Each structure stands twice: as C-alpha cells, then as structure tokens.
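In case you want the letters, here they are:
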Amino acid sequence: MPPRRKKSPPPRRSLPPLPKNGCWIESDSYDRHTYGRLRAESPSLRELEEGGGTLLPHFSSLLQDLFCLLFKSNTIFIREEEVLPSALFNRILLAGLKESSLYSILRELTLLDEAKAGLCTLLLGEGILALLKSEKAITRRDMLDFWDLKKQEEILEEKREEFEEAEKLGQEELSKEAKKNLEKAKERIEGQLDGAEARLRHKKAELKEDLGRLQGQAAARLQAEAIKVAKELEDAAEETERWSLTLGTGYRSPAGRKLELGKRLAGNEKLKKLVQMVGRMKFHALALRKKIFERATEEVLEVERGDAVNRLLPHELLTLHHPILRREFQRRFLDQELLQYSLRGIEEKGKGPVVVCLDGSSSMAGEKEIWSKAVTLTLLEIARRQRRPFRSICFSSEDAPLQVLEMNPRERYEVEMEKVMDLAEYFPGGGTDFKKPLEAALECLRQSRYKKGDIVFITDGECQVPPEWVEEFRKEKERFGFSLFSILIDVGPSSLGALQEFSDRITSVTQLTGEGVKDIFLRL
C-alpha cells in the first residue's frame, strides 16, 4: 500500500491594498508643506474644502492638485492604478484644465508664486463648488454614485484587514476545534471579500462609462470658470499689491494673508475705489507734514558711552583725521565706548491713542462712505508713523452695535490688514447717535497709559445730546487732556448745533477731497 501523501496547505492569498492616494498630481514634501501652510493661514480655503467635501469625496485632494498644477514648474499625472477609484472625477477636471489654452495664461501668473497660486486655487475651487451645487458639471445622482464607490472602497479595505487578521491567527498554535472554526470564518470572509471586489470593479466600470459621456461637458464648464478666474486673478493681484503699498503694514505679509486679501478684493468695486482714494489722500497728507518719519522734540540730557554716530561728541569725530587714532576710534566703536550725547524728549512720555468715530448711518452711503473711510485710513498711517495706538469706532443708530477695531495693537504699532478690510467692508446703515460712540472713545482714553489723545468725529448728520451729558463729557475732556476734532460732511442738509457743544474744532467739508481735512492732518 503506497504511503499517504501529506496535504500541502493552500497557497496564501495575496491581497494588494487599495491605494491611499486621492491626488492625481505628483508632489514632493515642499509642495505639500507649502499648500499646508496656505491652508493653515487661509480660513477661506479651509471653508471651501469643508463645503466641497460634503458634495464630492476627495475635494480636498482636488484643491491640492489644482495648487500643484498652477504652482509647480513640472507637473506629472500619477497612474490610474495608484489613485483611489472614487477620485476619478478629479482627473477629468484637472485634465480638462491642463489641456485648455487658458492654462498657459494662468501659469504665467501663478508659477512658483505661493500667494497667486493659492488665490487661483481658491477662485477655481469656488467655481467648481458652484458647478457642483447647480449640478451643471455632474448630477446629484453622479455625486451619490461617487460616495457609494467610496463606501465600497471602505468595505473592501475593512474585509481585507479582517482576512489578513485571520491569516495571522492561522499561524498560531490553536486547537483542532479552533482551527476548524477559523477556516470557516476565513472562507466566509474570503467570500465577502470577493463580493466586495466584484462590486467595486462593477461600480468603477459604470462610473467610468458615465464620466466618459460627461467629460467634454465638465471640461467645458471648468474652462468657462477659468476664464472668469483669469480676469479676477489679474485684477485681484494688482489690487492686492496696490493695497499693500498704500497701507504699509510695517511687516511682510505671509502668503496666506495675501490670499485672503486677494479673495476679498476680487470683484469688490467699493474697495477698489477706496484704495485709490486712500493713495491720493495719503500722499497729500504726508506732503503737508513734509516729514515721512517724524521725531518728537528732544533735548541734550547728559554724556554717555555708545555707538550712535549721529550723537557723537565733536572731539570723537576729530580722531578720524589721525591715522593711528582712527584705529582706536574703530575699536571703541565696536565696543560701544564712544562718548555721545544722551537725549531726552517727549517720546519718553508718549502720546495718547487716536480714536476715529466714523458715522455709518444710511445717509453716509456712496461717495461719503468711501471718502470718510479714506480719511480714517490716512489718519491710521499718520498714527502708525507717530507710534500711537489707533482705534476705529463705526456707529449708527442707538440700538445698533458699535464696530470697535484696534487697528494697530502689535508691539511696533503694525497695522493688522484683516481689521483694515473689516473696517472697509462694514456699513451698518440706520440712524445717527452721537452719545454711544463718544462714550466708547472716552473709555479707550481712560484705559490708555498716555495722555494727550485725539478723537476725530466724522459725520454728516445731526443728533441731539442731553446737556447734562455734554457737561460731564467736557469735564472728562479737561481731566484727560485730549482734543476732539469734528469733520462735518455738509453735502446736503446739516447742522453744527450738536457738534459745537463738545468739539474743540469743527471742519466743514463741502467737497470730498483731501483739501477739506488738511487741517486735521497737520494738527494730529
């Protein structure tokens, strides 16, 4: 009787995992880090990612691919086998954009420029999101199919992990009963795995066929959005540069903040008019003051040691004419041992804050609003150069909340661009109330550690204030030693009655130009 052959164990089934990647454009760590930093600095980009992710899976990967397509100098598509099937629609959009004639125009603006590439990604992403919401690119049924495909991928991955876990358990020492139960479980899981693979392949094939019919339509829609984005991008980039130059913040803005600024400037005619008027008014104000960097009056206090060349004693400068003493001068200069004057000036005491109360009532709409905000931002630039805190208070009716903004709270009185944009865009409308903003301005001066503050009150309206409140306000003004300048925009009916009761000086403006407020620019 021939010996019985041993049953060889069945070959172990190889289960390649699904690709983890939802991106179609190759990227390195620098590209991903750059996009991640933009995303962290831009709330609009994160909000877009969240909104698109509710309609289409891998929308965040689509935004990263758009950024790489616009930013990188060499763009390579990843093979289809290395990308999740549920990201197929992303490939159609990206290929449609790259194959269009407009792509080269966009690349000229965005290549290796983080801010412009990020802004273009944001604008294109918003256009794609609008197409998804309107169902002009793909229908709601197609979007549900993509989510179903993603669910099939998750099920397949879950079954694969269960099968691998069962394979690991089979290699351990188990009883016959346990091995028998384990084999049954493996057969059951393997059947479920085969079914999940079959459903995924079938679903993928169906979607590829459907997308083949929709490819031309989706690409054409995206190209139409890209045309609008190209126009907005060029205008927004130009306006962003002009805005940054007009309102120098004193520090270099990160790319994410430039992205946010460009997003808010794109297509906003009011802000474009404002930046043009601020530029003219700022130039006029600085020309009137005749000094770009102002210094307070100082006096000589004593003699000290240091390396300030502009304050050296005369006999120290004479040593530069002797060849040997010149070397000694250089040594003492490096050691900060040269004799120099010590100055004491008004800067040591400091100046108080500048508070601008800006009327935002309905009668200020239009050119009055643009002009008054241009005056406010020009005063902000003067305050920054004087190293003084600046607060803006926008007011309207008594029941409307105040918009109170600390415009330069940083250590070096740097202007916060986000707050400048908030000021520029905010307009409450309604009636006019003087008491509420003046009390808020007074509270600001109470909190300041410096005296000699200034309040600038800009309005075109008329409002009654109680006499007892006016008397108390005058006492507080004498106590804290601040000045109150009022600017009455008397274009139309107006009255000086209420302003005369609490203002030190009133300027009436009949033409909305910088000439009307030059007195304020000089006296501040």
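Quantities reported herein were computed from a predicted structural model and do not represent experimental measurements.

Draft legend 1. Representation of the confidence of the model for the protein within the structure. Confidence along the protein averages 76 in pLDDT terms, with 70% of residues attaining 70 or more. Here residues 346-350 is modelled with pLDDT under 50, and outside its nearest four sequence neighbours on either side it reaches eight contacts, counting other chains as well.

Draft legend 2. The arrangement of the packing of helix α3 (residues 59-71) against helix α6 (residues 114-134) in detail. Closest axis-to-axis distance for the α3/α6 pair is 9 Å, and the angle between their directions is 135°. In terms of orientation, α3 lies oblique with respect to α6. For the pair α3 and α6, the sense of crossing is right-handed. Every residue of α6 that contacts α3 at F59, L62, L63, L66, F67, L70 and F71 is listed here: E114, A117, G118, C120, T121, L124, G125, I128, L129 and L132. Here the contact of α3 with α6 is composed, by residue class, of 13 nonpolar, three polar and one charged.

Draft legend 3. Region of interest: the packing of aromatic side chains. Under the defined criterion, the tally for this structure stands at 11 aromatic pairs. Relative to F71, the ring of F67 has its centre 5.0 Å away and its plane inclined at 15°; by these criteria the two rings are stacked. Residue F67 and its partner F71 are both found in helix α3; the two are separated by four residues, about one turn of the helix. Across the pair, F71 and F67 agree in class, each one buried. Aromatic rings pair up to connect F395, F434, F457, W469, F473, F482 and F502 into one cluster.

Draft legend 4. Representation of the nonpolar core. Counting residues in hydrophobic clusters, the biggest one holds 51 residues, and the most contacted among them are F89, L97 and L124. At the level of secondary structure, the elements contributing two or more residues to this core comprise α1 (29-41), α2 (43-53), α3, α4 (88-99), α5 (102-110), α6, α7 (140-170) and α8 (176-246). When neighbours within four sequence positions are excluded, L124 is seen to be in contact with L66, L70, L97, L222, A226 and V229. Counting 36 residues, the second largest nonpolar core, distinct from the first, contains V375, L377, V415 and I489.

Draft legend 5. The arrangement of the pattern of salt bridges in detail. On inspection of all chains with the given rule, the structure shows 19 salt bridges. E304 is the partner of R311 in a salt bridge, and the nearest nitrogen-oxygen pair spans 3.4 Å. Judged by relative accessible area, R311 falls into the partly exposed class, the value being 22%. Residue E304 is classed as partly exposed on the basis of its relative accessible area, which comes to 28%. One salt bridge connects E406 with R391, and the closest N-O pair in it is separated by 2.1 Å. Here the residue E406 occupies a position in strand β5 (residues 403-406), and R391 occupies one in strand β4 (residues 390-395), the gap between them amounting to 15 residues. Classification of E406 as partly exposed rests on a relative accessible area of 27%. One continuous salt-bridge network, built from bridges that share partners, spans E316, E328, R331, R332 and D335.

Conventions used here
Throughout, residues of each chain are indexed from 1 in the direction in which the sequence is written. In keeping with the model being predicted, local features are shown solely for residues with a pLDDT of at least 70 and side-chain atom pairs are shown and tallied solely at 80 or more, while totals for entire chains, interfaces and linings include all residues. Heavy atoms throughout the structure, all of them, feed into the side-chain values; hydrogens and water do not. Every residue carries a pLDDT, the predictor's confidence in it, which falls somewhere between 0 and 100. Contact between two residues is taken to exist if any of their heavy atoms lie within 4.5 Å; hydrogens are not considered. In this description, a line fitted to the C-alpha atoms serves as the axis of each element, helices being fitted only across the stretch in contact, and the angle between N-to-C directions of two axes falls anywhere from 0 to 180 degrees. Helix numbering and strand numbering both begin at the N terminus, where a helix is a DSSP run of H or I of at least 4 residues and a strand a DSSP run of E of at least 2. Roughly parallel refers to an angle under 35 degrees, roughly antiparallel to one over 145, roughly perpendicular to one between 65 and 115, and oblique to any angle outside these ranges. Here a crossing is taken to be left-handed if its near helix is turned anticlockwise relative to the far helix by less than a right angle, and right-handed if that turn runs clockwise. Asp, Glu, Lys and Arg are counted as charged, while Ala, Val, Leu, Ile, Met, Phe, Trp, Tyr, Cys and Pro are counted as nonpolar; the rest, among them Gly, fall into the polar class. Centre distance within 6.5 Å is the pairing criterion for rings of Phe, Tyr and Trp, where only the six-membered ring of Trp is used; planes under 30 degrees apart are then read as stacked, over 60 as edge-to-face, and the remainder as tilted. For every residue, the accessible area (1.4 Å probe, protein chains only) is compared with the maximum for its type, and the residue is labelled buried under 20%, exposed over 50%, or partly exposed between those bounds. Only buried Ala, Val, Leu, Ile, Met, Phe, Trp, Tyr and Cys residues count toward a nonpolar core, and they belong to the same one when joined by side-chain atoms within 4.5 Å. For this analysis, a salt bridge means a side-chain nitrogen from Lys or Arg found within 4 Å of a carboxyl oxygen belonging to Asp or Glu.

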